[in-house]
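Listed here are the chains, written in short residue letters.
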Amino acid sequence: MSQLSGPALPPSPSVHAALLRSLWPVAVCIVLAVAAKFWIGPAVGPFNARVMMDVGIAIMLAASLNIVNGFAGQFSIGHAGFLALGGYTAGAVTYYGSLWLWGDAAIKPGWLGPGEQLFAMGCLAGGLVAAAAGYLVGLPTLRLRGDYLAIATLGFGEIIRVLLQQTNNVIYSAEALKSATAEQLFPPPLGGSLGFSGIPGYTNLFWVTLFAAITVLATHRLKHSSAGRALLSIREDEVAAQAMGVNTTRLKIRAFVYSAFFAGIAGGLFAHRIGVIISPRDAGFQRSIDLVIMVVLGGMGSVSGVVIAAAVLTILPELIRGLGNYPAVTNAMGNLGIGDPGRFIDQYRLVLYALLLVLMMILRPKGIFGVREIWDYFPRRLRTLLRAGAKP
Amino acid sequence: MADFLQTLITSLSVGSLYALIALGYTMVYGILKFINFAHSDVVVLGAWISYKLASKALPMAGIDPNAAPWWAGGAVLVIAMITCGLVGFTIERLAYKPLRRAPRLNVLITAIGVSLLLQNVGQLNYVFGTQPASMPALLPNPDVVDAVISTTPDGGQERLVIGLVEVTIFLTAGAIMLGLEFLVYRTKLGTAMRAVSFNTEIAALMGINVDRVVSFTFVLGSMLAAAAGFLYAMKYPGLNQPAHYTWVLMGLKAFVAAVLGGIGNIRGAVLGGFLIAFIEQFGAFYVSAELRDVYVFALLIIVLLLRPAGLLGRATAEKV
């Protein structure tokens, strides 16, 4: 019987090889995540691990925004709206899910244990909700071009922010949830303008690394797929792309949905960090602009450039703030009348970013790496060596 | 009835502010075809300069800023307008002029950069700081109209109160807008502006100094912004710090007004400003005050979908 129901012909070896070739990077992502949890995390200590998590989340957000702003050449300045939507959805799933399953919202310990499973599910739900929102928003607005699209996405982010502010400003406990009537659940009890507190802090290096690595991998793959090339063609010249038979509106919506999906997952990780309360402000203009700066500086369309920019722009302020731990530096800065490094960086960081943005557009309009990747700048010998290694 | 009239009056004064700001957006867009994101920050600059002048310079000159003669307020307005005009000129020369031929996306990003720069420089401790401030009253604010509209059954009265500030705002804004209308449609410079807006290259071939016209537009737009900032500070004396959310929202709404009326169209900007104010104020009063920002942005998205060129704008086809 087994012979009859089995495949008539053995699959050709090239299928296995193709499958292997497409899956090994995913395996690398998982290995990286495990290494981050069991080796890197304990080695660098809790503070650095926390910075690394922030870096991972920033990378996810910047890489996902790069799909729309970099590949497709559209200009979205409402990306934080998707972050907040994903974060709130994921938070609601884990918080109210925990109450429903276990009666309290305490963290269920254990790697890949039931708590973490619920958390991963919540993040995916956040991604899906954000993607659905991306579809709904993208469908009408992506017919607009350039400036108008930017304004429409900005309006979207603001609408999300105001709607989140209008949620009920209580967060129910298990007993309150049980006795709540249907009317009391609308508007949903998500904390209103104060933010959604009480979300269990499940985010750890394993999940951040896993999701960030998969996001980067997916955007890299997308760039080199036929859809990615079509997106790049839209970015270069929309009319010409249309003339070549590219369905521009549909592809732009796809880019928008992918981008929103990863931003939603990042939002889930963002909301579950320990000691962080996600609030409607996180959907606002300021956060969207931070992400735009990462993409613009890294190079619109360059996956590696954007990843590096996201990492540098997240670590740099922490490094400078860390200088405050050295009395010599603090004294010197005090003598110069600048104040301590933490205050200094808080004051001047944004001034510097803004200056960088303007100077970058004037001096190097395509970002540090442009559409190219960092390895395109390696010496040619090394490059052929790498390529030979990648494709045996 | 009294509520309705009161909301109407508020809408008119808020609408004149939006219209003044929207004019700046629309003039720059009409000529350079890009959204000057930094425009709303020039409004903030105008408001804060007015505050500094009123609260620091007037006492130095021996004038009580809460009961100043009428010309003191006028002097504050004029100095704020001149300062902002200079700032606008500098911004155009340093940031936008090098990008005259760059792709529009790059100019947009630069504009966002300039906007962030103005906000964050304004927040520095020795500029305006991060604390909110309270604008001195300048003028005594007697009620121009204080009429009893109707009496309620229990003996209370429904009154309609119109303050001097509201009348001043409406009249100043109206005068500025009429002046602009005259300038653009009746003078040689205005003709040059319209020519540059129509086609930059042909205008240059006809002997128009394009750079000068562009600079003039920026200076004019920034002066209008300063006037709006001054009037805003008169109406709402509690000034938030320069990067505060309320300012960003104010700028966005004025921008929505410009888009609504048809960006690049001067009369459209005025129409859009009043329309936005009416929707916002009446929606806030009769439906829900919390959702007032949602109305404006929802309206923006609807208008962009149905009539992307705006109410008075003309649709243009993209040429290849």
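The structure presented is a predicted model; accordingly, all values stated were derived computationally and were not measured. (Residues numbered from 1 in each chain as written. Chains lettered and ligands numbered in written order. Predicted model: local features only at pLDDT ≥ 70, side-chain atom pairs only at ≥ 80, totals over all residues.)

Asks: Help me understand the overall build of chain B in this model?
Replies: From N to C terminus, chain B includes eleven helices and four strands. In terms of C-alpha radius of gyration, chain B reaches 20 Å, essentially the compact-globule figure of 20 Å for 320 residues. Expressed along its principal axes, the backbone C-alpha trace of chain B runs to roughly 70 × 50 × 35 Å. Across the 320 residues that make up chain B, the buried fraction comes to 47%. (Helix = DSSP H or I, 4+ residues; strand = E, 2+ residues; numbered from the N terminus. Rg over C-alpha atoms; globule rule 2.2 N^0.38 Å. Buried ≥ 20, exposed ≤ 12 C-beta atoms within 10 Å, placed from the backbone.)

Asks: Would you mind going over the overall build of chain A with me for this structure?
Replies: Summing up its helical and strand segments, chain A has 15 helices and zero strands in all. In terms of overall size, chain A behaves like a compact globule, its C-alpha atoms giving a radius of gyration of 23 Å where 392 residues would be expected to give roughly 21 Å. Across the 392 residues that make up chain A, the buried fraction comes to 45%. Restricting the contact set of chain A to residue pairs at least 6 apart, pairs at least 24 apart contribute 80%. (Contact = placed C-beta atoms within 7 Å.)

Asks: I keep staring at the environment of Leu-189 of chain B and nothing clicks. Help me out?
Replies: Residue and element names in this part refer to chain B. Turning to its location among the elements, Leu-189 is positioned in helix H6 (residues 188–198). Judged by C-beta crowding, with 15 C-beta atoms within 10 Å, Leu-189 ranks as partly exposed. For Leu-189 and Phe-216, which are 27 residues apart along the polypeptide, the C-alpha to C-alpha distance reads 9.2 Å. If we skip the residues at most four places from it in the chain, Leu-189 touches Leu-183 and Phe-216.

Asks: Got a minute to help me understand helix H2 (residues 39–60) of chain B in this structure?
Replies: Since the α-helix packs 3.6 residues into each turn, any two residues three or four apart lie on the same face. All names here are of chain B. Spanning 22 residues, H2 covers 31 Å between terminal C-alpha atoms, matching the ideal 32 Å at 1.5 Å per step. If you look at H2, its biggest bend is around 30°, right at Leu-53. Of all the 22 residues making up H2, 16 are buried; the element is thus mostly covered by neighbouring parts of the structure. (Expected span 1.5 Å × (residues − 1). Bend = angle between axes of the 7 residues up to and from the residue.)

Asks: How do you make sense of the packing of helix H1 (residues 2–32) of chain B against helix H10 (residues 266–286) of chain B when you look at a structure like this?
Replies: To describe two helices that pack against each other, one gives the angle between their axes and the distance between the axes. All names here are of chain B. Contact geometry for H1 and H10: axes closest at 7 Å, N-to-C directions at 140°. In this structure, the crossing between H1 and H10 has a hand that is right-handed. Residues belonging to the contact of H1 with H10 are distributed by class as follows: 14 nonpolar, nine polar and one charged. (Axes fitted to C-alpha atoms, helices over the stretch in contact; angles between N-to-C directions. Left-handed = near helix turned anticlockwise from the far one by under 90°. Nonpolar A, V, L, I, M, F, W, Y, C, P; charged D, E, K, R; others polar.)

Asks: Please explain the pairing of strand S2 (residues 143–151) of chain B as it appears in this structure.
Replies: Each regular strand carries side chains that alternate between the two faces of the sheet. Residue and element names in this part refer to chain B. The pairing of S2 with strand S3 (residues 157–163) spans seven bridges and is antiparallel. Note on S3: the bridge partner recorded for Thr-151 is Gln-157. Where S2 hands over to S3, the hairpin turn is made up of five residues, of which Gly-155 adopts a positive phi near 95°. (Pairing = 2+ DSSP bridges.)

Asks: What exactly am I supposed to notice about the interface of chain A and chain B here?
Replies: The figure often quoted for interface size is the accessible area lost as the parts come together. If you look at the interface, chain A gives 31 residues, while chain B gives 36 residues. Only helix H4 (114–141), helix H5 (146–165), helix H11 (285–298) and helix H14 (341–363) of chain A provide two or more residues apiece to the side of chain A that touches chain B. When residues of the side of chain A that touches chain B are assigned to their parent elements, the largest contribution, eleven residues, is made by H5 of chain A. For the side of chain A that touches chain B, the class distribution of residues is 24 nonpolar, five polar and two charged.

Asks: Would you mind going over the nonpolar core with me for this structure?
Replies: Considering soluble globular proteins, one finds that nonpolar side chains tend to be buried as a cluster. One finds Ile-59, Ala-62, Met-294 and Leu-357 of chain A together with Ala-227 of chain B to be the most contacted residues of the largest nonpolar core, which totals 213 residues. Residues in contact with Ala-62 of chain A, not counting those within four places in the same chain, are Leu-291, Met-294, Val-295, Gly-298, Val-306, Ala-309 and Ala-310 of chain A. (Core = buried A, V, L, I, M, F, W, Y, C linked by C-beta atoms within 7 Å.)

Asks: Explain the packing of helix H3 (residues 79–102) of chain A against H5 of chain A to me, please; I cannot follow it from the model alone.
Replies: Residue and element names in this part refer to chain A. The N-to-C vectors of H3 and H5 enclose an angle of 30°; their axes lie 8 Å apart at closest approach. In this structure, H3 contributes Ala-80, Gly-81, Ala-84, Leu-85 and Tyr-88 to the contact, and H5 contributes Phe-156, Gly-157, Ile-160 and Leu-164. Residues belonging to the contact of H3 with H5 are distributed by class as follows: seven nonpolar, two polar and no charged.

Asks: What is the right way to look at unusual backbone geometry in this model?
Replies: Where the residue is not glycine, phi is negative for most of them; where a peptide bond is considered, it is trans in most cases. Look at Leu-112 of chain A: it is not a glycine, yet its phi comes out positive at around 65°. Mapped onto the elements, Leu-112 of chain A comes out in the loop between H3 and H4. With phi around 60°, Lys-33 of chain B is a residue other than glycine that occupies positive phi space. One can find Lys-33 of chain B in the loop between H1 and H2. A tally of 15 C-beta atoms within 10 Å means that Lys-33 of chain B is categorised as partly exposed.

Asks: I tried to follow the environment of Ala-213 of chain A on my own but got confused; where do I start?
Replies: Residues and elements named next belong to chain A. When you line up the elements, Ala-213 lands in helix H7 (residues 205–223). By C-beta crowding, Ala-213 is classed as buried, having 22 other C-beta atoms within 10 Å. Each C-alpha atom of the pair Ala-213 and Ala-33 lies 8.2 Å from the other, and the pair is 180 residues apart in sequence. Among all residues touching Ala-213, those that are not within four sequence positions of it are Cys-29, Leu-32 and Ala-33.

Asks: It is not clear to me how helix H8 (residues 210–235) of chain B should be interpreted in this structure. Could you clarify?
Replies: The terminal C-alpha atoms of H8 of chain B, which comprises 26 residues, lie 37 Å apart, in line with the 38 Å expected from a rise of 1.5 Å per residue. H8 of chain B sits mainly inside the fold: 20 of its 26 residues count as buried.

Asks: Please clarify how the environment of Thr-314 of chain A should be interpreted in this entry.
Replies: All names here are of chain A. Secondary-structure assignment places Thr-314 in helix H12 (residues 303–322). Residue class for Thr-314 comes out buried when judged on the 21 C-beta atoms lying within 10 Å of it. When residues no more than four places from it in sequence are discounted, the contact partners of Thr-314 are Asp-54, Val-55 and Ala-58.

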